[in-house]
Amino acid sequence: MNFLKERVLKDGVIVDDNVLQVSGFLNHMVDTPLLCEIGKEFANIFRECKPTKIITVEASGIHIATVCALELQIPFVIAKKQGVLNLMGDFYHTEVFSFTKQACYCLCVSKKCIKDKERILIIDDFLAYGNAIDGLIRIINEANAVVVGVGICIEKSFLQGASKLMSQGINLHSLVRIKSLEGDAIALEK
Ligand code: G4P
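Description of the structure in this document. (Residues numbered from 1 in each chain as written. Predicted model: local features only at pLDDT ≥ 70, side-chain atom pairs only at ≥ 80, totals over all residues. Heavy atoms only, no water.)

Section: the overall build of the protein
Logical step 1: The secondary structure content of the protein amounts to five helices and 10 strands.
Logical step 2: Expected size for 190 residues packed as a compact globule is a radius of gyration near 16 Å; at 16 Å, the protein falls within 12% of this value.
Logical step 3: Once the C-alpha set of the protein is aligned to its principal axes, its extents read approximately 50 × 35 × 30 Å.
Logical step 4: Counting all 190 residues of the protein, 48% fall into the buried class.
Logical step 5: In the protein, the share of contacts with a sequence separation of at least 24, taken over all contacts with a separation of at least 6, comes to 61%.
Logical step 6: Carbon and sulfur atoms form 52% of the exposed surface of the protein, whose accessible area is close to 9400 Å².
Logical step 7: Within the protein, the 22 negative side-chain charges are centred at a point lying 5 Å from the centre of the 21 positive side-chain charges. (Helix = DSSP H or I, 4+ residues; strand = E, 2+ residues; numbered from the N terminus. Rg over C-alpha atoms; globule rule 2.2 N^0.38 Å. Buried < 20%, exposed > 50% of the residue type's maximum accessible area, 1.4 Å probe, protein only. Contact = heavy atoms within 4.5 Å. Areas by Shrake-Rupley, 256 points an atom, 1.4 Å probe, with all protein chains shown as cover. Lys, Arg positive; Asp, Glu negative; His and termini not counted. Charge placed at Lys NZ, Arg CZ, Asp CG, Glu CD.)

Here you go:
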């Protein structure tokens, strides 16, 4: 998706060798025409997988999942983050460690939200180490549903998340793949 690649190169701000700030267009102030393009692109990529539902993680995945779900005319689910593990039995829950934030959180989804054998598409803004996506996959597996794909806006391919998912046979599509943020430059994969 050249539209997003161009925007990342133009307006992405390097915080350090590992973190790119995209607050000006994707996850703080949001460029809505760009967001609509992202939704269309994910829908085109994943339509043939026949997803019946999208799942994302709060908070920065929500608007992206919304436009994608609208395009595909399917519902979406927001996996919630909780600091403590004090959930009732009618939630799927799993612990996730965020390397970026250096903290654990509990990801949870009501059992009413994922049905047996449902075809689930995972959508999120960033893929770094893949821990959040791994957590969602564990929940989807526990619900006896099927992961039909993972759609990511920005993958940091110099970290292990993408290779970890692909080694599990996950159908991963990232709109932008960052090769490196070193030397104060954003280098994209072709
Ligand atoms: P992982 O899930 O792939 O293992 O990644 P990690 O724990 O490192 O990511 C945790 C959070 O940090 C995620 O947001 C993710 O979107 C965000 N993140 C990761 N790398 C970058 C980056 O280079 N730039 C920016 N801007 N964000 C990054 P989150 O915990 O879901 O928080 P929220 O902002 O969605 O609430």
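Moving on from the coordinates now.
Overview of the nonpolar core
Logical step 1: Counting 33 residues, the largest nonpolar core has Leu4, Ile38, Phe42, Ile54 and Ile154 as its most contacted members.
Logical step 2: Put simply, the parts of the chain that give this core at least two residues each are helix 1 (2-11), helix 2 (32-46), helix 3 (62-72), strand 7 (119-127), strand 8 (146-156) and strand 9 (172-180).
Logical step 3: Counting residues in hydrophobic clusters, the runner-up holds 28 residues, among them Ala79, Val96, Ile140 and Ala143. (Core = buried A, V, L, I, M, F, W, Y, C linked by side-chain atoms within 4.5 Å.)

Some details on the sheet that holds strand 4 (residues 76-82)
Logical step 1: Reading across the sheet, the eight strands line up as 5-6-4-3-7-8-9-10 and stay open at both edges, with mixed pairing between neighbours. This sheet does not close on itself; its edge strands, each paired only once, are strand 5 (91-98) and strand 10 (187-188).
Logical step 2: Note: strand 5 against strand 6 (residues 103-110), eight bridges, orientation antiparallel. Bridged to Phe97 within strand 6 is Cys104. (Pairing = 2+ DSSP bridges.)

Digging into the site of the ligand
Logical step 1: In the vicinity of the ligand lie 20 residues, with Leu20, Lys81, Thr100, Gly130 and Lys156 positioned nearest.
Logical step 2: Between the ligand and the protein, one listed contact pairs an oxygen atom with a backbone N or O atom of Ser60 at 2.8 Å.
Logical step 3: For the ligand, whose unbound accessible area comes to 710 Å², protein coverage reaches 87%.
Logical step 4: Secondary structure elements with two or more residues in the shell around the ligand: strand 7 and helix 4 (131-142).
Logical step 5: Taken together, the residues of the shell around the ligand sort by class into eight nonpolar, seven polar and five charged. (Near = heavy atom within 4 Å. Polar contact = N/O pair within 3.5 Å; in protein donor to acceptor, adjacent residues only side chain to side chain. Nonpolar A, V, L, I, M, F, W, Y, C, P; charged D, E, K, R; others polar.)

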